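Understanding the architecture of this molecule
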Amino acid sequence: MNYVWAGYSVTLLGLGAYTIWLLRRARALGRGGR
Amino acid sequence: MTAPVQPVRTSTASPLSFALGVAALVSLGATVALGLALPPSVEQQDYSRLVAIHPGLAWASYVAFGITALGSLLWLWPRTRHERWDLLAGASAEVGAVFTALTLATGSIWGRAVWGVWWVWDARLTLSALMLALLLGYLALRRVPGDPETVARRSAVAGILASLVVPVNHFAVEWWNTLHQGRSALQLTPSKSVDGRFLFAMTIGFLAMTLVYAWLTLHRVRMARLEQGAAGKDLDQAIAARRAETQPATRPATPVPSGGVPSPGGTTLRSTTLGSTS
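The shown structure was predicted, so the numbers you read here are calculated from the model rather than taken from an experiment. (Residues numbered from 1 in each chain as written. Chains lettered and ligands numbered in written order. Predicted model: local features only at pLDDT ≥ 70, side-chain atom pairs only at ≥ 80, totals over all residues.)

Let's talk about the overall build of chain A
Helices and strands together make up the secondary structure of chain A, namely 1 helix and 0 strands. In terms of principal-axis extent, the alpha carbons of chain A reach across some 45 × 10 × 5 Å. Residue burial in chain A is summarised as follows: out of 34 residues, 26% are buried. (Helix = DSSP H or I, 4+ residues; strand = E, 2+ residues; numbered from the N terminus. Buried ≥ 20, exposed ≤ 12 C-beta atoms within 10 Å, placed from the backbone.)

Below is the structure:
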């Protein structure tokens with residue numbers, strides 16, 4: 001069962017991390033930053 | 001007749017992206033709930049619960065390749081050529097790299113649980129790794145400096161060529177003897193041996209990953225436009241700074257110093273080189 005949790009965790013963490021990076025960068029660009 | 005002026009976008013958010021994001025979040029939650037609630041299977045026990053996410057991630061990476069190829073084709077086709085297709089192709093490739101990496105990661109975890117190894121140089125696995133390498137190479141190619149037209153053209157050609165790996169990877173489990181199981185989806189005659197609950201969870205997983213992909217790509221395209229705006233602003237500032245360096249604001253009130261050459265406008269020209277950093 002540990003591998004099942006690992007699979008779901010990796011997926012959600014991966015998608016979450018990319019989403020956070022994307023939204024933070026978009027917000028910075030929208031405010032005129034880099 | 002002039003073209004309608006579009007408002008300058010300062011954010012990647014919109015009602016469409018909000019609705020898409022809510023749908024993606026809800027379906028992703030449903031996928032996790034359905035997947036973790038699946039009963040153990042005879043062959044793989046608890047590990048078959050990974051069927052709700054792994055095939056969906058792989059599907060989304062296929063979609064990403066397809067959209068990259070489509071955007072590339074639309075840019076290359078003279079009648080449909082528009083900057084938006086190049087941005088779409090680039091955005092889709094970046095999001096696709098995330099999905100491909102997650103496909104490899106979850107597949108490796110599933111392989112360790114069921115096969116006993118994290119990795120084998122199996123046709124499906126190797127081609128999936130090649131897909132990630134092609135996407136990363138494509139993204140690197142987009143960053144190679146050049147005029148926008150040249151960059152877009154070579155990226156479009158690379159995007160189309162890279163997408164050829166998708167059908168090969170999809171049919172790899174039939175063309176070669178592989179450790180990976182056969183195609184679990186997109187079969188004309190789905191296997192009746194698969195329990196309906198697994199098929200349902202997998203289908204919701206496909207839907208969820210497609211929606212997440214669409215939402216991320218939508219934001220990434222809009223972010224690319226913001227990046228272009230920022231780059232243009234930087235260029236304007238650099239040009240203005242250079243002009244300010246070469247055109248002093250005030251004329252010298254003092255006589256021309258020795259070594260300086262009076263210019264027609266009254267300013268002193270010094271022997272500086274344009275483009276040198278100081």
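A closer look at the overall build of chain B
What chain B contains, in helices and strands, is 7 helices and 2 strands. Reading chain B from its N terminus to its C terminus gives the helix and strand order α-α-α-α-α-α-α-β-β. The buried share of chain B, reckoned over its 278 residues, is 34%.

So, the interface of chain B and chain A
Contact with chain B, which involves 28 residues of that partner, is made by 18 residues of chain A. Of all elements in the fold, only helix 1 (15-36), helix 2 (54-76), helix 3 (83-114) and helix 7 (196-246) of chain B reach the threshold of two or more residues within the side of chain B that touches chain A. (Contact = placed C-beta atoms within 7 Å.)

As for the packing of helix 4 (residues 123-143) of chain B against helix 5 (residues 148-163) of chain B
Residue and element names in this part refer to chain B. Running from N to C, helix 4 and helix 5 cross one another at 175°; their axes reach a closest spacing of 9 Å. Judged by the inter-axis angle, helix 4 sits roughly antiparallel to helix 5. In contact with Leu-134, Leu-135, Tyr-138, Leu-141 and Arg-142 of helix 4, helix 5 contributes Val-151, Arg-154, Ser-155, Ala-158, Gly-159 and Ala-162. Counted by class, the contact of helix 4 with helix 5 contains 7 nonpolar, 2 polar and 2 charged residues. (Axes fitted to C-alpha atoms, helices over the stretch in contact; angles between N-to-C directions. Parallel < 35°, antiparallel > 145°, perpendicular 65-115°, else oblique. Nonpolar A, V, L, I, M, F, W, Y, C, P; charged D, E, K, R; others polar.)

Brief notes about the packing of helix 2 of chain B against helix 3 of chain B
Residues and elements named next belong to chain B. Remark: helix 2 packs on helix 3, axes separated minimally by 7 Å, with the N-to-C direction vectors making an angle of 160°. Here helix 2 is positioned roughly antiparallel relative to helix 3, judged by the angle of their axes. In the packing of helix 2 onto helix 3, the handedness of the crossing is left-handed. Of the residues contributing to the contact of helix 2 with helix 3, the split by class is 16 nonpolar, 11 polar and 1 charged. (Left-handed = near helix turned anticlockwise from the far one by under 90°.)

Describing the nonpolar core
With 65 residues, the main nonpolar core has B:Ala60, B:Ala64, B:Phe99, B:Met209, B:Val212 and B:Tyr213 as its most contacted residues. Counting residues per element, the ones that place at least two in this core are helix 1 (2-30) of chain A together with helix 1, helix 2, helix 3, helix 4, helix 5 and helix 7 of chain B. Each residue touching B:Ala60, except ones within four places of it in the same chain, is listed here: B:Phe99, B:Met209, B:Thr210 and B:Tyr213. (Core = buried A, V, L, I, M, F, W, Y, C linked by C-beta atoms within 7 Å.)

Some points on helix 1 of chain A
For helix 1 of chain A, built from 29 residues, the straight-helix expectation of 42 Å at 1.5 Å per residue is met to within 8% by its first-to-last C-alpha distance of 41 Å. Regarding helix 1 of chain A, the residues found buried are A:Val4, A:Gly7, A:Tyr8, A:Thr11, A:Leu15, A:Tyr18, A:Leu22, A:Ala26 and A:Leu29. Taken together, the buried residues of helix 1 of chain A touch helix 1, helix 2, helix 3 and helix 7 of chain B. (Expected span 1.5 Å × (residues − 1).)

With respect to the environment of B:Ala140
Residues and elements named next belong to chain B. The topology assignment puts Ala-140 in helix 4. With 10 C-beta atoms packed within 10 Å, Ala-140 lands in the exposed category. Separated by 110 residues in sequence, Ala-140 and Ala-30 have C-alpha atoms that sit 35 Å apart.

With respect to the confidence of the model for chain B
All names here are of chain B. Put simply, chain B has an average pLDDT of 82, and 81% of its residues get 70 or more. Across chain B, element-level confidence peaks in helix 2 with a mean pLDDT of 96 and bottoms out in strand 2 (residues 268-269) with 40. This model gives residues 259-278 a pLDDT under 50, and the stretch forms 13 contacts once residues within four places in sequence are excluded. With a pTM of 0.80, the predicted complex shows an ipTM of 0.94. (pLDDT = per-residue confidence, 0-100.)

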